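# Reading the structure
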Amino acid sequence: TVSPAAPDGHSTVLEVLINPASGPARTDQLAFGLAAPEAEISRLIIDDSSGNSDGIADPGEEVDLVFTLNNYGTGAAAGLGATLSVAQGAGTVLDGAGSWPDLPTPLTSADNAGDPFRVRIDGIADSVLFELSLTDAAGRSHVRRFDLVAPATLTNLLLTDGDPLSLRVAWDPRSEEHTSELQSH
């Protein structure tokens, strides 16, 4: 039995006992690589169209959360679902269950726009931490924590000349707050 937690591309060996009708029994080994899905969050949309439509989860405002998942593995991701809860702070999960269509091939993506999560920030937005527990039909699961606060705007960013096939960015982070929250892709 192969564990559902086996990672994509993991090599494993299967030992086979060959017992022919005539002649001695022998053991042989078969090696193969596993194809497993790796469904990961690639985008989060805060839909506050029932509120003030500014794309920000303001205190007291009910918002829908629409996550896009990408399959970064080589196996099919099927039966994708998740539960959302408040891990810390003053927030309320109004609809904490969501699901996605299957992601049958590598690099496919889908969102839960047809089944969004619904939350409300009851206090200060940057003090609420949510937890998303994602599962699939094979029993694989992982947990992601996130907040709904946009990262600080960078002010000391400079684009410089260089190779025409590349982009060079210079930045002095000494004057920026919350730079540990920023990610580059």
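In what follows, the structure referred to is the one given above.
The structure contained in this document is the topic of the report that follows. Everything numeric here is computed off the predicted structure, so don't read it as measured data.

### Describing the packing of aromatic side chains
- Applying the stated criterion to the full structure yields 4 aromatic pairs.
- With a centroid separation of 5.7 Å and an interplanar angle of 25°, the aromatic rings of Phe-130 and Phe-146 are classed as stacked. Here Phe-130, found in strand 10 (residues 129–135), pairs with Phe-146, found in strand 11 (residues 141–146); they are 16 residues apart in sequence, far enough to count as distant.
- On the basis of relative accessible area, Phe-146 is assigned to the buried category, the value being 12%.
- Aromatic rings pair up to connect Phe-67, Trp-100, Phe-117, Phe-130 and Phe-146 into one cluster.

### Observations regarding the pattern of salt bridges
- Evaluation of the coordinates by the stated rule reveals 8 salt bridges.
- Its salt-bridge partner being Arg-118, residue Asp-64 comes within 2.7 Å of it at the nearest N-O pair. Taken as a pair, Asp-64 in strand 4 (residues 62–71) and Arg-118 in strand 9 (residues 117–121) lie far apart in primary sequence, 54 residues in all.
- Overall, the relative accessible area of 18% leaves Asp-64 in the buried class.
- Classification of Arg-118 by relative accessible area gives partly exposed; the value is 21%.
- A salt bridge links Arg-140 to Asp-136; the shortest N-O distance between them is 2.8 Å.
- Of the residues examined, Arg-140 reaches a relative accessible area of 23% and is grouped as partly exposed.

### Some details on the side chain of Asp-136
- By the element assignment, Asp-136 lies in the loop between strand 10 and strand 11.
- Look past the residues within four positions of Asp-136 in its chain and what remains in contact with it is Pro-37, Ala-78, Gly-79 and Leu-80.

### Here we look at the environment of Leu-132
- Among the structural elements, Leu-132 can be located in strand 10.
- Sequence separation of Leu-132 and Ala-82 is 50 residues, and the distance between their C-alpha atoms is 6.5 Å.
- Once residues lying within four places of it in the same chain are set aside, the contact partners of Leu-132 are Ile-41, Phe-67, Ala-82, Thr-83, Leu-84, Phe-117, His-142, Val-143, Arg-144 and Phe-146.

### Examining the side chain of Asn-71
- Mapped onto the elements of the fold, Asn-71 is located in strand 4.
- Using a relative accessible area of 0% as the deciding quantity, one classes Asn-71 as buried.
- Polar contacts involving the side chain of Asn-71 include one to the main-chain amide nitrogen of Gly-73, which spans 3.0 Å.
- Sequence-distant contacts of Asn-71, defined by excluding residues within four places in its chain, comprise Pro-37, Glu-38, Ala-39, Ala-76, Ala-77, Leu-103, Thr-105, Pro-106, Leu-107 and Thr-108.

### Examining a nonpolar patch on the surface
- Judged by side-chain polarity, Leu-14, Leu-30 and Phe-32 come together as a nonpolar surface patch covering roughly 270 Å² of accessible area.
- Considering the arrangement of structural elements, one finds Leu-14 in strand 1 (residues 11–18).

### Some details on the environment of Ala-39
- Relative to the helices and strands, Ala-39 is located in strand 3 (residues 39–47).
- Using a relative accessible area of 8% as the deciding quantity, one classes Ala-39 as buried.
- Distance from Ala-39 to Tyr-72, taken between C-alpha atoms, is 6.3 Å for residues 33 residues apart in sequence.
- Excluding its chain neighbours within four sequence positions, the residues that come into contact with Ala-39 are Asn-70, Asn-71, Ala-77, Leu-80, Leu-103, Leu-134 and His-142.

### Quick word on the nonpolar core
- In this structure, Leu-65, Leu-84, Trp-100, Phe-117, Phe-130, Phe-146 and Leu-148 are the most contacted members of the largest nonpolar core, which totals 23 residues.
- Among the secondary structure elements, those contributing two or more residues to this core are strand 3, strand 4, strand 5 (81–88), strand 9 and strand 10.
- With 4 residues, the single largest contributor to this core is strand 4.
- Those residues within four positions of Leu-148 in sequence are excluded, and the remaining contacts are Leu-44, Ile-46, Ala-57, Leu-65, Val-119, Ile-121 and Phe-130.

Cut-offs used in this document
Residues numbered from 1 in each chain as written. Predicted model: local features only at pLDDT ≥ 70, side-chain atom pairs only at ≥ 80, totals over all residues. Heavy atoms only, no water. Phe/Tyr/Trp six-rings, centres within 6.5 Å; stacked < 30°, edge-to-face > 60°. Helix = DSSP H or I, 4+ residues; strand = E, 2+ residues; numbered from the N terminus. Buried < 20%, exposed > 50% of the residue type's maximum accessible area, 1.4 Å probe, protein only. Salt bridge = Lys/Arg side-chain N within 4 Å of Asp/Glu carboxyl O. Contact = heavy atoms within 4.5 Å. Polar contact = N/O pair within 3.5 Å; in protein donor to acceptor, adjacent residues only side chain to side chain. Patch = residues over 30% accessible without salt bridge, like charges linked within 9 Å, V, L, I, M, F, W, Y side chains within 5 Å. Areas by Shrake-Rupley, 256 points an atom, 1.4 Å probe, with all protein chains shown as cover. Core = buried A, V, L, I, M, F, W, Y, C linked by side-chain atoms within 4.5 Å.

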